[in-house]
Amino acid sequence: MTLHLIPLIITICYLTLMLSIGFFTNKFLIKDSTDYMLAGRSLPAIMVACSLAANNIGGGSTVGLASKAYGNWGMSSVWYY
């Protein structure tokens, strides 16, 4: 097993960036639970729609669809997406 240096560096940079964004957001943009849960009630409608679409296509939907594919739908479940 060899250690690939470039993918490791990219992964560490990505994780550092994500943690930095999370820290900055928590420290300066979130003041109370309304800011955290509802984005301060200032989120545009397109962002809400994208969030709902991402939630629908997310892990729960994928697991449920795999269950349907294995069960009674078969390969026709591919058309669900």
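From a predicted model like this one, the values you see are computed outputs, not experimental measurements. (Residues numbered from 1 in each chain as written. Predicted model: local features only at pLDDT ≥ 70, side-chain atom pairs only at ≥ 80, totals over all residues. Heavy atoms only, no water.)

1. Section: the overall build of the protein
Note the following rule: Secondary structure is summarised from DSSP: a helix means a run of H or I of at least four residues, a strand means a run of E of at least two, and numbering begins at the N terminus for each. Within these notes, the globule rule equals 2.2 Å times the number of residues to the 0.38 power, and the radius of gyration is based on C-alpha atoms.
Along the protein, the regular secondary structure elements total 4 helices and 0 strands. The order of α-helices and β-strands along the protein, N terminus first, is α-α-α-α. Its C-alpha atoms give the protein a radius of gyration of 19 Å, clearly above 12 Å, the size a compact globule of 81 residues would have. Overall, the protein is about 50 × 50 × 20 Å in size when its C-alpha atoms are taken along their principal axes.

2. A look at unusual backbone geometry
The phi torsion at A39 lies on the positive side, around 55°, for a residue other than glycine. Looking at the secondary structure, you find A39 in the loop between α2 (33-38) and α3 (45-57). Positioned with a positive phi, R41 is a non-glycine residue whose angle comes to about 60°. Within the secondary structure, R41 sits in the loop between α2 and α3.

3. What to know about the packing of aromatic side chains
The line we're drawing: Ring pairs shown here join Phe, Tyr and Trp side chains whose ring centres sit within 6.5 Å, with only the six-membered ring taken for Trp; geometry is labelled stacked below 30 degrees between planes, edge-to-face above 60, and tilted in between. Each residue's exposure class comes from its accessible area (1.4 Å probe, protein chains only) as a fraction of the maximum for that residue type: buried when under 20%, exposed when over 50%, partly exposed otherwise.
Considering all chains together, one arrives at 1 aromatic pair under this definition. Seen in terms of ring centroids, F24 and F28 are 5.3 Å apart; in terms of plane orientation they differ by 45°. Their pairing is tilted. A residue pair is termed a helical-turn pair when its members lie 3 or 4 positions apart in one helix, as F24 and F28 do in helix α1 (residues 5-29) at 4 residues. Residue classification places F24 among the partly exposed residues on the basis of a relative accessible area of 43%.

4. As for the environment of I9
Looking at the secondary structure, you find I9 in helix α1. Spatially, the C-alpha atom of I9 lies 16 Å from that of S20, the residues being 11 residues apart in sequence.

5. Re a nonpolar patch on the surface
As a reminder, the rule being used: Patch membership requires more than 30% relative accessible area and the absence of a salt bridge. Residues of like charge join within 9 Å; the nonpolar side chains Val, Leu, Ile, Met, Phe, Trp and Tyr join within 5 Å. Each accessible area value is a Shrake-Rupley result obtained with a 1.4 Å probe; residue values ignore everything except the protein chains displayed when judging cover. A pairing counts as a salt bridge when a side-chain nitrogen of Lys or Arg comes within 4 Å of a carboxyl oxygen of Asp or Glu.
Residues L3, L5, I6, L8, I9, I10 and I12 make up a contiguous nonpolar surface patch of roughly 700 Å² in combined accessible area. Looking at the secondary structure, you find L8 in helix α1. Taking relative accessible area as the criterion, L8 reaches 36% and is therefore assigned partly exposed.

6. Some points on the confidence of the model for the protein
The condition is simple: Looking at any residue, its pLDDT shows the predictor's confidence there, from 0 to 100.
A residue-level look at the protein finds 96% of positions with pLDDT of 70 or above and a mean pLDDT of 84. When the elements of the protein are averaged for pLDDT, helix α4 (residues 59-70) gives the smallest value, 76, and α1 the largest, 94.

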